[in-house]
Amino acid sequence: MAEITAAAVKELREKSGAGMMDCKKALTETNGDLEAASDWLRSKGLAAAAKKSSRTAAEGLVGIAVAGTKGVAVEVNSQTDFVAKNEIFQGFVRDVTAVALEKGDDIDALKATQLPQGGTVEEVLTNNISTIGENQVLRRAKKVEVTNGAVIPYVHNAAAPGLGKIGVLVALESDAGVDVLEPLGKQVAMHIAAAFPLALDETGLDQETLERERQIATEKAAESGKPAEIIAKMVEGAVKKFAKENALLSQLFVMDGKTPVADVIAKAGKDAGASIVLKDYVRFQLGEGIEKEESDFAAEVAATAGLTK
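Treat the numbers as computed from the prediction; the structure is a model and nothing was measured.

Calculation criteria
Residues numbered from 1 in each chain as written. Predicted model: local features only at pLDDT ≥ 70, side-chain atom pairs only at ≥ 80, totals over all residues. Heavy atoms only, no water. Axes fitted to C-alpha atoms, helices over the stretch in contact; angles between N-to-C directions. Helix = DSSP H or I, 4+ residues; strand = E, 2+ residues; numbered from the N terminus. Parallel < 35°, antiparallel > 145°, perpendicular 65-115°, else oblique. Left-handed = near helix turned anticlockwise from the far one by under 90°. Contact = heavy atoms within 4.5 Å. Buried < 20%, exposed > 50% of the residue type's maximum accessible area, 1.4 Å probe, protein only. Patch = residues over 30% accessible without salt bridge, like charges linked within 9 Å, V, L, I, M, F, W, Y side chains within 5 Å. Areas by Shrake-Rupley, 256 points an atom, 1.4 Å probe, with all protein chains shown as cover. Salt bridge = Lys/Arg side-chain N within 4 Å of Asp/Glu carboxyl O. pLDDT = per-residue confidence, 0-100. Phe/Tyr/Trp six-rings, centres within 6.5 Å; stacked < 30°, edge-to-face > 60°. Lys NZ or Arg CZ within 6 Å of the ring centre and 35° of its normal.

**Student:** Report on the packing of helix 10 (residues 207-222) against helix 11 (residues 228-246), specifying residues and quantitative values.
**Tutor:** The angle between the axes and the distance between the axes are what describe a pair of packed helices. Where helix 10 contacts helix 11, the two axes come as close as 9 Å, and the packing angle between them is 140 degrees. Judged on the interaxial angle alone, helix 11 and helix 10 are oblique. The interaxial crossing formed by helix 10 with helix 11 has right-handed handedness. Contact residues: helix 10 offers T209, L210, E213, R214, A217, T218, A221 and A222, while helix 11 offers I231, M234, V235, E236, A238, V239, F242 and A243.

Following this line, the structure appears as structure tokens:
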């Protein structure tokens, strides 16, 4: 029996789109013959099914909706940016965002919710996949609300009203009027879009992220050759600096580059004669955290047409 190499498995996987174990089994069954293995996968229905299910959906749109003192952000992904311009897709994102504003941000509950035009969110999504011909995913949603005040939306790179690549919501709790809260919230939202805070304040930062930064700082400090007690102070200083730069309230406001966001909000409240509290925020950037596949579109078309050499 021919030796089944990792290179052969990789080549077959790239050619067929099937899983690694299926490719290995196909090569084993066909004594390492790549073409025969491709046919074996096709005969089992594995190549086409895997190809479709493995397509990464990292494009699409972020939808933003606000009503009074509540707002919601929703991300719906597609395979290509072309779909983001599709009216059916845009309409679906708007509909789901409107439903989430009313029903909440639990994805499973959203999928089971009936849309006004008929069918559940999941059923309509499945139909859209068939109609448009691309994988699509309702990825995440987050709702914010204040008791008194305002939720201010901001969409960066808007493809249509309320739809874009980056969606931000700023929840301000206050007795101040909308004439104060809306311009303040808009500026803070633009800051959030640009500065990408990881949490509202330092206590909300992910502990795993902080520990990773601590390890990086420790490795860097160790290279200095300084005494252990000095290294420990260097590490703590580096971690504190990271926390300060990545927590929203302690970040320097991008509008002036010198004032902490917390101070900007405090001053706005003082000027308005009313306390203003930044209660929460949302920042959804399309596809963040999704590992995108590098693809050669011409090669994919050729492969689909059976022209791959």
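**Student:** Quick rundown of the environment of V235? Include the residues and the values.
**Tutor:** Looking at where V235 falls in the secondary structure, it is placed in helix 11. It is 9.0 Å that separates the C-alpha atoms of V235 and E213, two residues lying 22 residues apart in sequence. Residues contacting V235, with those up to four places away along its chain left out, are R214, A217, T218 and A221.

**Student:** Could you give an account of the environment of K240, with specific residues and numbers?
**Tutor:** In this fold, K240 is placed in helix 11. According to the relative accessible area criterion, K240 is exposed, its value standing at 59%. With 27 residues separating them in the primary sequence, K240 and E213 have C-alpha atoms 10.0 Å apart.

**Student:** Break down a nonpolar patch on the surface for me, with residues and values.
**Tutor:** Taken together, M190, V254 and M255 make up a surface patch of nonpolar side chains, about 240 Å² in accessible area. If you trace the backbone, M255 turns up in the loop between helix 11 and helix 12 (261-272).

**Student:** Please set out the confidence of the model for the protein residue by residue, giving values where relevant.
**Tutor:** The predicted model of the protein has a mean per-residue pLDDT of 87, with 88% of residues at 70 or higher. Residue range residues 48-54 is modelled with pLDDT below 50. Its contacts to residues more than four positions away, or to other chains, number 9 contacts. Contacts from residues 300-309, a stretch scored under 50 in pLDDT, to residues over four places away or in other chains number 6 contacts.

**Student:** Summarise unusual backbone geometry; cite the residues concerned and give the values.
**Tutor:** Positive phi, close to 60 degrees, is recorded for N31, a residue that is not glycine. A positive phi is found at F196, a non-glycine position, where the angle reads about 50 degrees. By secondary structure assignment, the location of F196 is in the loop between helix 9 (178-195) and helix 10. Residue F196 is classed as partly exposed on the basis of its relative accessible area of 36%.

**Student:** Give a detailed account of the packing of aromatic side chains, specifying residues and quantitative values.
**Tutor:** The full count for this structure, using the stated rule, is 0 aromatic pairs. Note that R140 overlies the ring of F284, its terminal NZ or CZ placed 4.0 Å from the centroid. Sitting over the face of the ring of F196, R283 holds its NZ or CZ atom 4.1 Å from the ring centroid.

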